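# Fold and geometry: a report
Read off the chains here:
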Amino acid sequence: MINAQTILLETVKNALTQLYNINNATITFQKTRKEFEGDFTLVTFPFIKEAKKSPEQAGQEIGDFLVKNNANVSAYNVVKGFLNISLSNTFWLGYFNAVKDSKTIGYKKENSSGKTIMLEYSSPNTNKPLHLGHVRNNLLGFSVSEVLKANGHKVIKANIINDRGIHICKSMLAWQKFGNGETPASSGMKGDHLVGKYYVEFDKAYKKQIEIAKDIALQAWVKIWARQPKKDGYLSNEAAIALVALISAFTEQSSRQNKTYTLPESDLEKLSKDEIKEISHDEIFDAMCVNFYHELKKHIGHEKLQYKFTGDEKNDFEALFELVKSRLPLILEAQKMLQKWEAGDKEVVDLWKTMNNWVYEGFAVSYKTLGVDFDKMYYESNTYLLGKEIIEEGLKKGVFYKKENGSVAIDLSKEGLDEKIVLRSDGTSVYITQDIGTAIERFKEFPQLNQLIYTVGNEQDYHFKVLFKILEKLGYDWAKECYHLSYGMVELPEGKMKSREGTVVDADELLDEMFATATTTTKELGKVDDFNEADLKELNRTIGLGALKYFILKVDPKKKMLFDPKESIDFNGHTGPFIQYTHARIKSVLRKAAFDFEKVESKLEMSAIEKELVKLIYDFDAVVEEAGAAFNPALIANYIYELTKLYNRFYHDCPILKEENENIKIFRLQLSKLCAQSIANAMKLLGISVPEKM
């Protein structure tokens, strides 16, 4: 393709050599700012010391040289040492003729860069359906993948499904308790929606237990705290565990019988004096209490709780109640279910497989509707143990160290980060342990991998800084090529969304709303009378999806965004439907041109707006490169909006089919065709289809 900067570069080099005897200078061009006349700008300041000229003099002399020695340069002007260069009509017409029939404008040859990139996106949990936050993640990840491919890179689109852990056990437990055997088939619900329903049910039941437990705990705590000295009083581990076990057991009993029980006064007296060993288990602990007591001993018996009575009753109570909340019956049951899963308990594993399969089937439908896909699927149930051996090796090498309580950590304070635990004291892994192992496995699986990109919200910024630094300290050179594609949260006019409370914008419902709104809008505009029912349905889906995708992708990923479905589908604003409608308008014009308009015109004098359109199309390659380097599809979204606005101005100002001059008519049709192709290519990078008619 004709490249203006390359053409200018040789002449500027010759000018520097011949005028000032400067060789091997670093020469860069930038697009001339809109307020000045010109196409490209050369900054003269780097040359003035050797040239022994002022910036203005150097600009004047280099500009004269360019006009005399490069036929593509038609004029120049100098503004405070900035040499603004205007290229000739002949150059721009030559560029236009070179690309006017290109189907791949803006795209480099497939896999031409020699670079392989894995881009991870989506990464949902199997305890809930996709919501608006997932929509931004999926659309951003897919679009960046397309942009990277357009830059000639080979891209592996990866998805890791978070299919294990306490979150899925909560849904499973709630389904066991409240589900009565309900299935997607029996309920008519998508599988991911059904599982998500029981995640919300768990949270409701858990909150109810918290309310009951707080009543019981407050009764107990007031009496225990009142018996303690004002200073230096402690509640030992044994007493704390016994108290929490009692509260948990009484909470369970209260939940079952729908009434609140009070802890016995005699038990509180012994607990307040830290005389837990004097309490007869037969007397104080029934079977339920004993069960909770031993579970708590197993979970926290090794920790040094030592709750101190500070003299502030409220704070003392809140400190202990945090432990109570984390050890209430429902939580303990979910934790026990997770332990059974990790031990391979058949009944639990079978239920896990069944409910996860419901979710996978639901996800597949949502992904297909969104128009996103993946080359490689990973599952946390297969990867959660990865990394433990790496930690052990790092411990031997001194990268990590063992703490007094037996946990393994790394000190990253010199790097401006904190201490990070990578193995718990009981030897179990934490989330970052898995991420370390998974990253290493991916580079083993794909030795040709040059870069690994994680598309994850900005609440995980710190996590990825720590992850990449640990990988670097472990000696992996590729760690510097790992990148966190961080993006801001999506909020609604009502505020943030909460999955556990069921206050999220469901992705499927959102898509249905977009399709319905598109249907209503196109009907009101009254321009689809010649569509049959099937074609009209497809058109409305294309418009609805285009509206959603464009509205989300036009925002810089780093910024949080407020989503407004009604605003997104406006046919006249900065929206996807406006761009789609412009493409359809151009296609309509081309269909009406019942003659051959493929003739090449080499001597036509373009009007100002025609030349402006050609120049903007020329910029498309650079915009795609910039968007790929910055992992930012918003650059493409906003570029194509500017092109669409300019074309509409051209359409209104310049007659096309009614133009009397045949050469001009042909050129304008060719220019329209190139604009349509550029719009289609740009929108494809956003994952958006453009209709032939609307």
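The structure under discussion appears in the preceding block.
Below, the structure is looked at part by part. Please read these numbers as outputs of a predicted model, since none were measured by experiment.

To continue, consider empty space enclosed by the protein. Using the criterion set out here, one finds 4 cavities of 30 Å³ or more in the structure. Empty space within the largest cavity amounts to approximately 60 Å³. As for the largest cavity, its lining consists of T522, L525, K527, V528, L539, I543, F571, Y581 and M694. For the lining of the largest cavity, the secondary-structure elements that each account for two or more residues are α20 (507–525) and α21 (533–553).

The next point concerns the sheet that holds strand β5 (residues 116–120). Hydrogen bonds between backbone atoms are what pair the strands of a sheet, whose relative direction is either parallel or antiparallel. The parallel open sheet is built from 5 strands, whose spatial order is β9-β6-β5-β13-β14. Each edge of the open sheet carries a strand with a single partner, namely β9 (376–379) and β14 (482–487). Along the sheet, successive strands turn relative to each other by an average axial angle of 25°, direction set aside. Of the pairings in the sheet, the one linking β5 to strand β13 (residues 449–457) comprises 5 bridges and is parallel in character. If you follow E120 over to β13, its bridge partner there is Y454. Sitting on the sheet, helix α18 (residues 431–445) is in contact with β5, β6 (154–161), β9, β13 and β14, with an inclination near 145° to β13. Contacting β13 and β14, helix α19 (residues 461–473) crosses the sheet at an angle of about 180° to β14.

The subject of this paragraph is helix α24 (residues 608–618). Among the 11 residues in α24, 8 count as buried, and that is most of the element. I609, E610, K611, L613, V614, L616, I617 and Y618 are the residues of α24 that are buried.

Our next topic: unusual backbone geometry. In the Ramachandran plot, S123 falls in the positive-phi region, its phi being about 45° despite a non-glycine side chain. Counting through the fold element by element, S123 comes out in the loop between β5 and α5 (132–150). Of note in the backbone geometry, F631 takes a positive phi value of approximately 50° without being a glycine. Checked against the element boundaries, F631 lands in the loop between α25 (620–630) and α26 (634–653).

Time to look at the environment of K388. Within the element layout of this structure, K388 appears in helix α17 (residues 388–397). With a relative accessible area of 31%, K388 lands in the partly exposed category. Between the alpha carbons of K388 and S429 there is a distance of 6.7 Å; along the sequence they are 41 residues apart. If near-sequence neighbours (up to four positions away) are discounted, K388 is found in contact with L423, G427, T428, S429 and T433.

Next up on the list: the sheet that holds strand β4 (residues 82–87). The strand order across the open sheet built from 4 strands is β1-β2-β4-β3, with neighbouring strands paired in antiparallel fashion. The open sheet has two edge strands, β1 (29–31) and β3 (73–79), and neither has a second partner. Sheet twist, expressed as the average angle between the axes of neighbouring strands with direction ignored, equals 30°. Relative to β4, strand β2 (residues 40–43) runs antiparallel, the two sharing 4 bridges.

What follows concerns the side chain of N138. Here N138 is to be found in helix α5. On the accessibility criterion, N138 (0% relative accessible area) is buried. When neighbours within four sequence positions are excluded, N138 is seen to be in contact with Y121, S122, Y367, L370, V372 and F374.

Looking now at the layout of surface pockets. Size it by volume and the second largest pocket reaches roughly 710 Å³. Considering the residues around the second largest pocket, the lining is formed by 24 residues, among which K31, K34, E612, L616 and D619 are closest to the centre. Those elements that provide at least two residues to the lining of the second largest pocket are α24, α25 and α26. Take the lining of the second largest pocket: its biggest share by element is 7 residues, from α26. Split into classes, the residues belonging to the lining of the second largest pocket amount to 9 nonpolar, 3 polar and 12 charged.

What counts and what doesn't
Counting of residues starts from 1 at the beginning of each chain's written sequence and follows it residue by residue. Confidence filtering applies because this is a predicted model: local features only for residues at pLDDT of at least 70, side-chain atom pairs given and counted only at 80 or more, and all residues used for totals across whole chains, interfaces and linings. Working from all heavy atoms in the structure, the side-chain values ignore hydrogens and water. Here the term cavity refers to a set of points on a 1 Å grid, laid over the protein atoms alone, in which a 1.4 Å probe fits but cannot get out; the term pocket refers to an open set having protein on both sides within 12 Å along at least five of seven lines, with lining residues being those that place an atom within 4 Å of a point. Grid points are joined across faces, edges and corners, and a volume is the space filled by probe spheres set on the points. For the purposes of this entry, the term helix denotes a DSSP run of H or I that reaches at least four residues, the term strand denotes a run of E that reaches at least two, and both are numbered from the N terminus. A strand pair is defined by DSSP finding two or more bridges across the two strands. Fitting a line to C-alpha atoms yields each axis, with helices limited to the stretch in contact; the angle taken between N-to-C directions then spans 0 to 180 degrees. Any two residues having at least one pair of non-hydrogen atoms within 4.5 Å are treated as being in contact. For the exposure calls, accessible area comes from a 1.4 Å probe over protein chains only, and a residue counts as buried if that area is under 20% of its type's maximum, exposed if over 50%, partly exposed in between. Residues were grouped as follows: Ala, Val, Leu, Ile, Met, Phe, Trp, Tyr, Cys and Pro as nonpolar; Asp, Glu, Lys and Arg as charged; and all remaining residues, including Gly, as polar.

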